[in-house]
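# Coordinate inspection notes
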Amino acid sequence: MSTPRDKRAASSPVENLEKRAHVASSFLDDSQATIADDSQATIINPDFMSSTLVDKAPSLPLSPLNEEIKSVFFDPEVVEILSKALSAQVAKDLGKEIAELKQEIRALKQEVLEKDEEIRKMSDRIDELEQYGRRNSVRIYPIPESAIENTDEIAIKVANSVGVKIEPRDIDRSHRVGRKPSPTDTYTRPVLVKFTSYKVKEALMRARRGLGKIDAAAVFPNVDWPSLPKQPVQHGRPSSTTNKIYVNDDLTATRATLAAKARKLKKDNKIDDTWSRDGVVFLKKNDSVHRLTTLRELAPFDVA
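Read on for a plain summary of the structure.

When helix α7 (residues 198-207) is considered as a whole, its buried residues turn out to be Val 200, Lys 201, Glu 202, Leu 204, Met 205 and Ala 207. Close packing links the buried residues of α7 with β1 (137-141), α6 (151-161), β3 (191-195), β4 (246-249) and β5 (273-277).

Structure below.
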């Protein structure tokens, strides 16, 4: 015959937990009932707090309740059950939060891409408008500077040297551009010339190829040109040691950088030729001519 002790030993862990929970619940209910009764008495008689309730406080079953709760929550099986339940819930909550954050990040990335595209389009448009405002302008270089000079006369002499008739009334304004060089600097600031009409500027741009056959010192004999060894002109072209004059479009900073990079590609034999016209940079490769206005369009040609 089994004894009560054997029956307790045969009880399942779940039954043990249920019994402990029942005991804890009973203690809690008794405590709440006692406190509720005493509180009601306090309402009827305020002096009850100093007599009956205080006298009964030591007899409240708080200590057994604490011991039972402690034994339940420190039980290894209870700890394992709570740990698994808590871990599962935390993992679920974290997974949901991570998914929401990933979705938010994707939305923000898309928004950034759209904003970048808008900024790029606006920057390109601003550069295009700025370049259009320069359509009547050219830059002439490298004419050495002098203390007393007339930049209008420089433009007229350069145009006349290639057969383009220009008068002072065809020039809106002209001046040097850039930082003024110090006595130790070797560079020369270009002369910026803005014509009163696009036709005059275009006539000079069409004839500028003729400048390759002209010695700049012959056009400006009174200018202090750098000392270069002179060699006879052969086949109608000056030698590489002859001073030359160049006339180019007045490009924006962005397009000037583009033109400089295109010239570098030509020097590295990555393209066949490059030039600019009306603010647009052209390059030639494999008998194909490409029209460029942004640095992004140059990237495919800058390959090994």
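That shown, we press on.
We now examine the layout of surface pockets. A probe as big as a water molecule, rolled over the atoms, marks out the empty space that is left. By volume, the largest pocket is sized at about 1300 Å³. Looking at the largest pocket, it is lined by 34 residues, and the ones nearest its centre are Arg 208, Tyr 246, Val 247, Asn 248 and Trp 275. Taken together, the elements giving at least two residues each to the lining of the largest pocket come down to β1, α7, β4, α9 (253-267) and β5. Examining the composition of the lining of the largest pocket, we find that six residues originate from one element, α9, more than from any other. Of the residues assigned to the lining of the largest pocket, the class counts are 16 nonpolar, five polar and 13 charged.

To continue, consider the pairing of strand β7 (residues 288-292). When strand β6 (residues 280-285) meets β7, the two strands line up antiparallel, connected through five bridges. Looking across to β7, one finds that Lys 284 is bridged to Val 289. Taking the residues between adjacent antiparallel strands as the criterion, β6 and β7 are bridged by two residues, where Asn 286 takes a positive phi near 55°.

The final tally for this structure, using the stated rule, is two aromatic pairs. Where Tyr 141 meets Tyr 246, the ring centres are 5.8 Å apart and the plane angle is 25°; that geometry is what we call stacked. Separated by 105 residues along the polypeptide, Tyr 141 in strand β1 and Tyr 246 in strand β4 bring together distant segments of the chain. Residue class for Tyr 141 comes out partly exposed when judged on its relative accessible area of 30%. On the basis of relative accessibility, which here comes to 40%, the residue Tyr 246 falls in the partly exposed class.

Definitions and cut-offs
- Numbers given for residues are sequential positions, taken from 1 along each chain in its written order.
- Per-residue local features of the predicted model are confined to residues with pLDDT of at least 70, and side-chain atom pairs are confined, for both listing and counting, to 80 or more; whole-chain, interface and lining totals are unaffected and use all residues.
- Processing note: side-chain calculations cover all non-hydrogen atoms of the structure and skip hydrogens and water entirely.
- Only protein chains enter the accessibility calculation, which uses a 1.4 Å probe; a residue is then buried when its area is under 20% of its type maximum, exposed when over 50%, and partly exposed in between.
- Each helix corresponds to a stretch of at least 4 residues labelled H or I by DSSP, and each strand to a stretch of at least 2 residues labelled E; elements are numbered beginning at the N terminus.
- Contacts: residue pairs with any heavy atoms within 4.5 Å of one another.
- Buriedness of a pocket was judged along seven lines, with at least five required to meet protein on both sides within 12 Å; pockets are open sets of points on a 1 Å grid over the protein atoms alone, cavities are sets where a 1.4 Å probe fits but cannot get out, and lining residues have an atom within 4 Å of a point.
- Grid points are joined across faces, edges and corners, and a volume is the space filled by probe spheres set on the points.
- All amino acids are sorted into three groups, where Ala, Val, Leu, Ile, Met, Phe, Trp, Tyr, Cys and Pro are nonpolar, Asp, Glu, Lys and Arg are charged, and the leftover types, Gly among them, are polar.
- We call two strands paired when DSSP finds no fewer than two bridges between them.
- What counts as a ring pair is set by centres within 6.5 Å for rings of Phe, Tyr and Trp (its six-membered ring), and what kind of pair is set by the plane angle: stacked under 30 degrees, edge-to-face over 60, tilted for all other angles.

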